[in-house]
Amino acid sequence: MLPRFWRKIKYRYDLVGTYCENCGNYYYPPRNLCPTCRRRSDVKEVQLRGKGTVVSYTIIHDAPEEFKRQKPYVVALIKLDEGPIVTSQLICDPNEVKIGMRVKKAFRKYGEDGESGIIYYGTKFVPDES
Amino acid sequence: MRRVAIIGVGQSNFGELWDQSFRDIVLTAGIEALEDAGLEGKEIEAMFVGNMSGGRYLAQEHIAALIADYSGLSELHIPSTRVEAADASGGLALRQAYMAVASGMHDIVIAAGAEKVTDVGAELALDILSSGADREWEGFVGATLPALYAMIARLHMEKFGTKPEDLAMVSVKNHKNGALNPKAQSRREITLEMALNSPYVAEPLRLFDCAPISDGAAVVVLASEEVARKLTDTPVFISACCQASDYLALHSRKDMLTMNAVVHAARQAYKQAGIEPKDIDVAEVHDSFTIAEILAYEDLGFAKKGEGAKLIREGVTNLDGDIPVNPSGGLKACGHAVGATGIRQAVEITLQLRGDAGKRQVDAERGLALNIGGTGATAVVTIFSR
Amino acid sequence: MKVGIVSYGTYIPRYRIKVEEIARIWGENPETIKRGLGVYQKSVPDLDEDTATIAVEAAREAVARAGINPEEIGAVYVGSESHPYIVKPTATIVGEALGVGNEFFAADLEFACKAGTAGIQLCIGLVSSGMINYGLAIGADTSQGAPGDPLEYSASAGGAAYIIGNKGIIARILDTYSFTSDTPDFWRREGQPYPSHGGRFTGLPAYFRHVTSAAKGLMEKTGLKPSDFSYAVFHQPNGKFPSRAAKMLGFSSEQIKQGLVVPYIGNTYSGSSLLGLAAVLDVAKPGDRILLVSFGSGAGSDAFAIEVTDEIESLNRKPEVWEKIKGGVFVDYGMYVKLRRKIKVR
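Residues numbered from 1 in each chain as written. Chains lettered and ligands numbered in written order. Predicted model: local features only at pLDDT ≥ 70, side-chain atom pairs only at ≥ 80, totals over all residues.

### Topic: the overall build of chain C
Turning to step 1, where the next piece is worked out: A count of helices and strands for chain C gives 12 helices and 14 strands.
Turning to step 2, where the next piece is worked out: For chain C, whose C-alpha radius of gyration is 19 Å, the value lies close to the compact-globule estimate of 20 Å for 346 residues.
Turning to step 3, where the next piece is worked out: Referenced to the eigenvectors of the C-alpha coordinate spread, the extents of chain C come out at roughly 55 × 45 × 35 Å.
Turning to step 4, where the next piece is worked out: Contacts in chain C between residues at least 24 apart in sequence constitute 77% of all its contacts with a sequence separation of at least 6. (Helix = DSSP H or I, 4+ residues; strand = E, 2+ residues; numbered from the N terminus. Rg over C-alpha atoms; globule rule 2.2 N^0.38 Å. Contact = placed C-beta atoms within 7 Å.)

Shown next as structure tokens:
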């Protein structure tokens, strides 16, 4: 996973997405091509603010190997203020998650390639109390 | 385009088939289908195989060649092709086979689906199935396939008032039907209480909301109308076989509560067959998760968007209802043999239309099969008629 | 050239464990521990937190408050004794996560609990010489205490980040002075999961000798007396040492109170004195002078004489460190052991 993870470090560590100047749509995860405009895309990278609202969520009890220690953990669909919806872990007491709650980005570990492998960092979300 | 009919069907048992290898289960299904079609095997001109992940489940690629080999068809050097669209691989194989005959390219063709999942551990099996979602941006953050459907379920409950009981009722219905299906993985009925008290997998989905991932194989033999009429008195025609795609990740969809691939494929299929949703007498849909069946009622046009739960509450989709859905027991009771599911659905509808469905027989002239990949990025809708 | 602190940020993980809970497991008397150590509870990192994530969160807060373009940062130094990798720097992860770009000086530092202040000294040099405009120095740790060892009551997690520059200074660094010697009071050998220490030897010959020598050396150099300072922040391995050091030097308990965070979050090692400083900066007024003296085992102390400027009033200093200390979710020892990965799983 080494080069594959490295290629996207910038987009995972911070919410760097893409913006199509042709139609004004924001995309996160980033896209090389705007699906609305296709060949007429004019895609630029853009730093997203990292704030959004929970659209839906689940609490995972049956976890894959890499995430077993954390269970139960919350995965949510979060609509960023700029528009795109992102799938992410939400660091929150499972009893307190609500559809519509405001959240903000946080820099966390997503996992590692075994004990001797590299560490995967990325963006998760936490409740935004402000 | 010529008319195409199914002239033979075969299916292995579905489940945890410990003493059968991948090659074994494929053969079981294939031989049954050929016998059912009254063919020796040399008549087959081409084969299309749906298999999601031989590479990860078995460390074996080149599945199409493997199956042609073990079914004795390599002797005839027929073209054998594997197609993949996660758990819609079977539906894809059916459509490719249908196009091969409809176009006039071939007269007699096999569409097969097969998967052997129990040679790897359950956790790896789920991870492999979850590779039908977006690995980079869904899998990486720990969202499994059940987690994605769970988020759809929660949204459906929030927006339309669907209840956990509604989901449980889908499971109960399918288990009841499965009890009448000798080849189903689970042949015991369950109660609403059992479903509602089963442990959470990814809230709000519980164990009984999720179809098990199983071993299984299914085969159908397709022929042109002319050839079909020579070989059988009970051809079942494919009036339409349509396929559509949608954004891979759930978070990219235009409306997360509508599978646009299903809506698209269904619309095209109804048009091609010259019918409306209400003309369907029986349907096999993709209940990989109970919420998927509720969504299917809506996206196939059996119910308005948001009102899918009504159908299950009012028993409309029960075996004795107006439009029986998943008379076989669906993915939940039959077991979800990933790439084989799409073909298994075709087998069931064919049996139903022929009157060969035994204890779970319903009265039907027109049937529909819906096969979905991942969280809806691929959909295949097939309409069958007598 | 004027050099000073342009902005600062902090991060404390949200889990906490009480001294009573640890004492319960090891059959100790919690009241004795609390009286002896002056620590009541400590912070515990979550499974997905480590020195890098703490450093990034603290640094992001500092950058946001400063309102500068991260690409203007010319150097990143992360001081810790619990870097996630033994080989592969935390500084580059921080640089990437902040969007600093590719043109910056960077390195990881280790000097037990004073690696963070060592980073500040490096930035002072780089800024003063005109080599960079802004330097980012971070002290962060997720320190481990061996199960059943007294350190288990205090070894905690947290971090603070400081942007050093010559423009928009909220607190001027008047001078800095270090006292260093080869004193093996506390150490960890390569491959060992937990540190070892010299028991009572860590007191007078180590902590007190270096802290008081550095403080005295700085005050001599600058001609300042204890009464010239509104606040004093000393490294906080527990709640007792800083108070004793203060007394030894002639500072009052009032002067060290605001910066004494260890009773409620434990010893955040490289983050310790820097978090204390941040707690002081949260409330300091223009003209206030602050004495900061860190201590790193092995051993050495960095002393700083800091003078708050008018600019501090235009910095957003919320949420305050004491606010962050108050929030927290308590866990029991079993959960603590799972979070700190002290249990081996397959």
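The discussion continues.
### Some details on the overall build of chain B
Turning to step 1, where the next piece is worked out: For chain B, the count of helices and strands is 15 helices and 11 strands.
Turning to step 2, where the next piece is worked out: Computed over its C-alpha atoms, the radius of gyration of chain B comes to 19 Å, within 12% of the 21 Å expected for a compact globule of 386 residues.
Turning to step 3, where the next piece is worked out: If you line up chain B on its principal axes, its C-alpha atoms span 55 × 45 × 40 Å.
Turning to step 4, where the next piece is worked out: For chain B, contacts bridging at least 24 residues in sequence account for 76% of all contacts bridging at least 6.

### Comments concerning the sheet that holds strand β12 (residues 289–293) of chain C
All names here are of chain C.
Turning to step 1, where the next piece is worked out: Here we have 9 strands laid out as an open sheet, ordered β5-β4-β6-β7-β1-β8-β13-β12-β11, and mixed in their pairing. A strand with exactly one partner marks an edge of an open sheet, and here the two such strands are β5 (105–109) and β11 (231–234). Direction aside, neighbouring strands of the sheet carry axes that sit 20 degrees apart on average.
Turning to step 2, where the next piece is worked out: Contacts from helix α4 (residues 90–98) reach β4 (73–79), β5 and β6 (134–142), with the element oriented near 135 degrees to β4.
Turning to step 3, where the next piece is worked out: The strands touched by helix α10 (residues 272–281) within the sheet are β1 (4–11), β6, β7 (157–165), β8 (171–180), β11 and β12, with β11 carrying the most contacts at an inclination of about 160 degrees. (Pairing = 2+ DSSP bridges. Axes fitted to C-alpha atoms, helices over the stretch in contact; angles between N-to-C directions.)

### Looking at the interface of chain A and chain B
Turning to step 1, where the next piece is worked out: Contact with chain A, which involves 21 residues of that partner, is made by 25 residues of chain B.
Turning to step 2, where the next piece is worked out: Counting only elements with at least two residues in the side of chain A that touches chain B, the list comes to β4 (51–60), β5 (73–80) and β6 (85–90) of chain A.
Turning to step 3, where the next piece is worked out: Alignment of β4 of chain A against strand β5 (residues 200–203) of chain B, held across 2 bridges, turns out to be antiparallel. Bridging from a neighbouring strand, isoleucine 60 of chain A pairs with alanine 202 of chain B of β5 of chain B.

### Some thoughts on the arrangement of the chains
Turning to step 1, where the next piece is worked out: Ranking the 2 pairs of chains in contact by contact count places chains A and B at the top.
Turning to step 2, where the next piece is worked out: The least C-alpha distance between chain B and chain C, which are not in contact, is 12 Å.

### Some remarks on the interface of chain A and chain C
Turning to step 1, where the next piece is worked out: At the interface, 12 residues of chain A touch 14 residues of chain C.
Turning to step 2, where the next piece is worked out: Those elements that place two or more of their residues in the side of chain A that touches chain C are α2 (9–13), β7 (102–112) and β8 (119–127) of chain A.
Turning to step 3, where the next piece is worked out: At 4 residues, the largest contribution of residues to the side of chain A that touches chain C is made by β7 of chain A.
Turning to step 4, where the next piece is worked out: Grouping the amino acids of the side of chain A that touches chain C by side-chain chemistry returns 6 nonpolar, 1 polar and 5 charged. (Nonpolar A, V, L, I, M, F, W, Y, C, P; charged D, E, K, R; others polar.)

### Here's the deal with the domain arrangement of chain B
All names here are of chain B.
Turning to step 1, where the next piece is worked out: Once the domains are mapped, chain B shows domain 1 (4–121 + 214–237) and domain 2 (144–211 + 239–385).
Turning to step 2, where the next piece is worked out: Each of domain 1 and domain 2 was reduced to a C-alpha centroid, and the two centroids are 23 Å apart.
Turning to step 3, where the next piece is worked out: The interface is formed by 37 residues belonging to domain 1 together with 34 residues belonging to domain 2.
Turning to step 4, where the next piece is worked out: Elements represented by at least two residues in the side of domain 1 that touches domain 2 include exactly β1 (4–11), α4 (89–102), β4 (108–115), β7 (216–224) and β8 (236–245).
Turning to step 5, where the next piece is worked out: Classifying every residue of the side of domain 1 that touches domain 2 gives 21 nonpolar, 12 polar and 4 charged. (Domains from an automatic or database assignment.)

### Looking at the confidence of the model for chain C
Turning to step 1, where the next piece is worked out: Mean pLDDT for chain C: 96, with 99% of residues reaching 70 or above.
Turning to step 2, where the next piece is worked out: Model confidence for the complex: the whole-complex pTM is 0.93, and ipTM, which rates the interface, is 0.95. (pLDDT = per-residue confidence, 0-100.)

### Concerning the packing of helix α3 (residues 51–66) of chain C against α4 of chain C
All names here are of chain C.
Turning to step 1, where the next piece is worked out: Between α3 and α4, the shortest axis-to-axis distance is 9 Å and the interhelical angle comes to 45 degrees. Considered as vectors, α3 and α4 are oriented oblique to each other. You can see that α3 and α4 cross each other, and the crossing is right-handed. Contact residues: α3 offers Thr51, Ala52, Ala55, Val56, Ala59, Arg60 and Val63, while α4 offers Thr90, Ile93, Val94, Ala97 and Leu98.
Turning to step 2, where the next piece is worked out: Partitioned by chemical class, the residues of the contact of α3 with α4 number 9 nonpolar, 2 polar and 1 charged. (Parallel < 35°, antiparallel > 145°, perpendicular 65-115°, else oblique. Left-handed = near helix turned anticlockwise from the far one by under 90°.)

### Concerning the domain arrangement of chain C
One widely used convention gives an interface's size as the accessible area the parts lose upon coming together.
Residues and elements named next belong to chain C.
Turning to step 1, where the next piece is worked out: Taken domain by domain, chain C comprises domain 1 (4–170 + 316–339) and domain 2 (174–313).
Turning to step 2, where the next piece is worked out: Each of domain 1 and domain 2 has a C-alpha centre, and the two are 16 Å apart.
Turning to step 3, where the next piece is worked out: Opposite the 46 residues of domain 1 that make contact, domain 2 presents 40 residues.
Turning to step 4, where the next piece is worked out: Elements supplying a minimum of two residues to the side of domain 1 that touches domain 2: β1, β3 (41–44), α5 (115–128), β6, β7 and α11 (321–326).
Turning to step 5, where the next piece is worked out: Among the elements that take part in the side of domain 1 that touches domain 2, α5 stands out by supplying 6 residues, more than any other.

### Describing the nonpolar core
Across soluble globular proteins, nonpolar side chains show a tendency to be buried alongside one another.
Turning to step 1, where the next piece is worked out: Residues Ala112 and Val262 of chain B together with Val94 of chain C are the most contacted members of the largest nonpolar core, which totals 287 residues.
Turning to step 2, where the next piece is worked out: Ignoring sequence-local partners within four residues, the contact set of valine 262 of chain B consists of Ala296, Asp299, Leu300, Leu370, Ile372, Gly376, Ala379 and Val381 of chain B. (Core = buried A, V, L, I, M, F, W, Y, C linked by C-beta atoms within 7 Å. Buried ≥ 20, exposed ≤ 12 C-beta atoms within 10 Å, placed from the backbone.)

### A word on the pairing of β6 of chain A
Along any regular strand the residues' side chains alternate between the sheet's two faces.
Turning to step 1, where the next piece is worked out: Burial of β6 of chain A is extensive: 6 of the 6 residues sit out of reach of the surface.
Turning to step 2, where the next piece is worked out: In sequence, β5 of chain A turns back onto β6 of chain A through a hairpin of 4 residues, with glycine 83 of chain A there showing a positive phi of about 125 degrees.

### Let's talk about the sheet that holds strand β1 (residues 16–20) of chain A
Residue and element names in this part refer to chain A.
Turning to step 1, where the next piece is worked out: Taken together, 3 strands build an open sheet; the order of strands is β2-β1-β3 and the sheet is antiparallel. Strands with a single pairing partner mark the edges of an open sheet, and in this sheet they are β2 (26–27) and β3 (43–47).
Turning to step 2, where the next piece is worked out: Two strands pair when backbone bridges link them, and β1 and β2 are joined in this way by 2 bridges, in the antiparallel orientation. Considered in β2, the bridge of tyrosine 19 is made with tyrosine 26.

### Quick look at the pairing of β8 of chain A
Turning to step 1, where the next piece is worked out: Examined bridge by bridge, β7 of chain A and β8 of chain A share 9 bridges and lie antiparallel to one another. Its bridge partner being in β8 of chain A, lysine 104 of chain A is matched across the sheet by valine 126 of chain A.

### Some points on the environment of proline 146 of chain B
Turning to step 1, where the next piece is worked out: Relative to the assigned elements, proline 146 of chain B resides in helix α7 (residues 145–160).
Turning to step 2, where the next piece is worked out: For proline 146 of chain B, a count of 26 C-beta atoms within 10 Å corresponds to the buried category.
Turning to step 3, where the next piece is worked out: Put simply, proline 146 of chain B and alanine 202 of chain B are 56 residues apart on the chain and 6.2 Å apart in space, counted from C-alpha to C-alpha.
Turning to step 4, where the next piece is worked out: Setting aside anything within four residues of it in sequence, one finds proline 146 of chain B in contact with Asp62 of chain A together with Val201, Ala202, Leu205, Cys210 and Phe289 of chain B.

### Let's talk about unusual backbone geometry
Turning to step 1, where the next piece is worked out: In the segment running from lysine 71 of chain A into proline 72 of chain A, the intervening peptide bond is cis, with an omega of 0 degrees.
Turning to step 2, where the next piece is worked out: With respect to the helices and strands, the residue proline 72 of chain A is situated in the loop between β4 and β5.
Turning to step 3, where the next piece is worked out: Here the bond from lysine 318 of chain C into proline 319 of chain C is cis, since omega is 0 degrees, no more than 30 degrees from zero.
Turning to step 4, where the next piece is worked out: Within the fold, proline 319 of chain C resides in the loop between β13 (300–308) and α11.
Turning to step 5, where the next piece is worked out: Positive phi, close to 55 degrees, is recorded for alanine 86 of chain B, a residue that is not glycine.

### What to know about the packing of helix α6 (residues 203–222) of chain C against helix α7 (residues 241–249) of chain C
Residues and elements named next belong to chain C.
Turning to step 1, where the next piece is worked out: α7 packs onto α6 with a crossing angle of 45 degrees between their chain directions and a minimal axis gap of 10 Å. The orientation of α6 with respect to α7, classified from their angle, is oblique. Handedness of the α6/α7 crossing: right-handed. Facing Tyr207, Phe208, Val211, Thr212 and Ala215 of α6, the residues of α7 in contact are Phe241, Ala245, Met248 and Leu249.

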